[in-house]
Each structure stands twice: as structure tokens, then as C-alpha cells.
Amino acid sequence: MNKSLKGILLVAIGASSYGIVATFIKKGLADGYTTAELTFAQALIGASCMILLNLIFNRFSPSSVADRPHRKDIVRLLLGGIPLGLTSTFYYLSLRYIPVSVCIVMLMQSVWIGVVVDLVVNKIKPTPIKLVSIVIVLIGTVLATNVLNAEADLDWRGIFWGFLAAISYSLTFLATNNIATGYRPMVRSMFMLIGSLVVVSLVWGYSLFEKFDPSVLWTWGLIIAFFGTILPPLLFTKGMPLVGVGLGGIIASVELPVSVSMAYLFINESVNVYQWIGIVLILFAIALMNISFIKMLKPN
């Protein structure tokens, strides 16, 4: 029980951290930086910081032999960083074409994609309460993002990239839940972030040669790297093995109310009563999903 509750908390904080990033990316784009610059800055700073943290940790607390991944596990962790890098790439591309709220709607498709992944890969059938929670999350998502009241036509390119981001997001959960789980989260995160940096560099290499403003590194790069690259992998690699991909995907929907609130506070996106109702529905679904844990906490 305690491990499950700990996993729920870690995944929720990680998702909330990731939810902050969309607003900062929008502001970075408004400042004239390209999607390539912002994505690469995030990946470079994130990987560099994680390498530094591991060096400092090993200096003052030398790792045991058990904490040193075998070459095969290192390769697997590097490959596991690919969906992490692609999630940022696809999500930020989506932000170029459609509003933040709609981008989040697309990313939240990872809720049902994660359950499908659990069913196909891990042969875990969704429970009735999980299915009900998914329905509530999706209804709340539609309301919270104000899609029903959208006046402008949606650009299909944003929808396409957003859906790919959702798939990559679910695969990131799968990777953190299954790859080399016996090592410290910091070690696993380091190699996954290196893999993420490699794939981001390959995807955006040509664009970066054409235009790269180093100032992006110490402006928006630091902020989006901390909230979008450093914290989430650390928290997910520790929390996801404790809760599973399907449940983890549902808990991660807390990213939505966080993102809506950030957009309201920092880029002046209006939030109407239907959106707040949607946010409450999503939070209710998360509570419903974990009602068994809440009951176990009550004294006899």
C-alpha cells in the first residue's frame, strides 16, 4: 500500500511538472526562438544536469557494483530515451499549430493509450473502475480544454503531432516501467536523457545548423529543462514501477488542470465554468481510481 501511494505521488508531481512546460514553450516561441532551439536546449541542459548530478552523487556516495548498469542495460536505457525525446519533439511541434488547451487534449489521449499498452504488452486487463475513470477523465478533458466552444478551425497538423506525442508519452511510461528497473532512478534517468538528447539532435540537427541562438540555453532552456526534462524522468522512473503503465497514465492526467491554471495565470487564457467543471471531474476520476488505497488508510 505505502509503495503504491508513494508511486502515485511521484507520478502526479512528475506530470504536474511536465504540465508547466507548455506555457513556457509558448512564451519562448513568442520571444522568437524556434521549436528546434527550444527542444534542443531542453534536451542538452537536462542531460548535462543529470550527468553532473550523478557525478556529484558518486563523489560523496560511491555507487555499489549493483548500481553500475551492464552494457546491455545501458543500451536499453539509451533506447528507452527515444520516446522521451520524441514526446517533446511532437508536443512542441503541436504547439506551433494549435492552442495549448487543444495540445493538452491530444496529449491526454495517453490515458487510454496507456491502458491499451498495459493490455497488449503486460496482458493486464483494465478493471471496471479503471474503465469508468477513463471515461470520466475524457469527459473532463473535453470540458477543461473548452474544445466544444472553440471557434477557430483546428489545424490538422497540430492534431497529428499531438496524437504522436500522446503515443510517445505512453511509450515513455512503458520504458520507465520496464527497462533496467533494478538501478537507482538517477542512473536510469541519466542514460535515458542521453538517449533523448541523441534523438532530438538527429531530428533537429539540420534546423540547428541553419539557426541557433545560444541565449536560448540560459533563458527558456533552463526553465523548460528543469520542469520538462530533469524532474519528470526522475519521478517517473521511481514512481511508474510502483503503479504500472495504465494507472500511471491516468494519474498523469493531473497535468491537465496544472496546464490550464498555468495558461490562465501566465498567458491570460480565459477559463470558464465548464473548464473548471472539467478539472474537477478529472481530479474526481483520479480519486476514484485510487479509492481502494484511501480505504486502506482509514483506521479500523
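Our structure's up above, just so we're on the same page.
Residues numbered from 1 in each chain as written. Predicted model: local features only at pLDDT ≥ 70, side-chain atom pairs only at ≥ 80, totals over all residues. Heavy atoms only, no water.

### Digging into the pattern of salt bridges
Put simply, the rule reads: One side-chain nitrogen of Lys or Arg within 4 Å of one carboxyl oxygen of Asp or Glu is enough to make a salt bridge. The numbering of helices and of strands both runs from the N terminus, where a helix is a DSSP run of H or I of at least 4 residues and a strand a run of E of at least 2. Exposure is judged per residue with a 1.4 Å probe applied to protein chains only, and the accessible area is read against the type maximum: over 50% gives exposed, under 20% gives buried, and values in between give partly exposed.
Taken as a whole, this structure holds 2 salt bridges when the rule is applied. Note that E37 is salt-bridged to K211, the shortest N-O span being 3.0 Å. In this pair, E37 is assigned in helix α2 (residues 35–60) and K211 in the loop between α9 (185–210) and α10 (215–218), connecting sequence segments 174 residues apart. What makes E37 buried here is its relative accessible area of 0%. On the basis of relative accessibility, which here comes to 38%, the residue K211 falls in the partly exposed class. In this structure, R76 and D73 form a salt bridge, with 3.2 Å as the shortest nitrogen-oxygen distance. Here R76 and its partner D73 are both found in helix α3 (residues 71–80), 3 residues apart, which amounts to about one turn of the helix.

### A look at the side chain of T35
Selection rule: Residue contacts follow a heavy-atom distance rule, with two residues in contact if any of their heavy atoms lie within 4.5 Å.
As for its placement among the helices and strands, T35 is situated in helix α2. The contact partners of T35, leaving out residues within four places of it in the chain, are L29, Y92, L93, R96 and W204.

### Quick word on the nonpolar core
How we decide: By convention a nonpolar core is built from buried Ala, Val, Leu, Ile, Met, Phe, Trp, Tyr and Cys residues, the set being connected through side-chain atoms within 4.5 Å.
Judged by nonpolar contacts, the single largest core of 45 residues is most densely connected at Y91 and Y169. Take this core: its biggest share by element is 10 residues, from helix α1 (residues 2–30). Filtering out sequence-adjacent residues up to four positions away, Y91 remains in contact with Y18, A22, C103, I104, L107, A165 and E255. Core analysis: the next-biggest nonpolar cluster, separate from the first, contains 23 residues, A36, I179, Y183 and V199 among them.

### Considerations on the packing of aromatic side chains
Spelled out, the test is: Stacked, edge-to-face and tilted labels apply to pairs of Phe, Tyr and Trp rings (six-membered ring for Trp) whose centres lie within 6.5 Å, assigned for plane angles under 30 degrees, over 60, and everything in between, in that order.
Overall, the coordinates contain 7 aromatic pairs when judged by the stated rule. Pairing Y91 with Y92 gives two aromatic rings, centres 6.1 Å apart and planes at 40 degrees, and the pair type is tilted. Relative accessible area serves as the criterion here: at 1%, Y92 is assigned to the buried category. Between F226 and F227 the ring centres are 5.0 Å apart and the planes differ by 85 degrees, which places this aromatic pair in the edge-to-face class.

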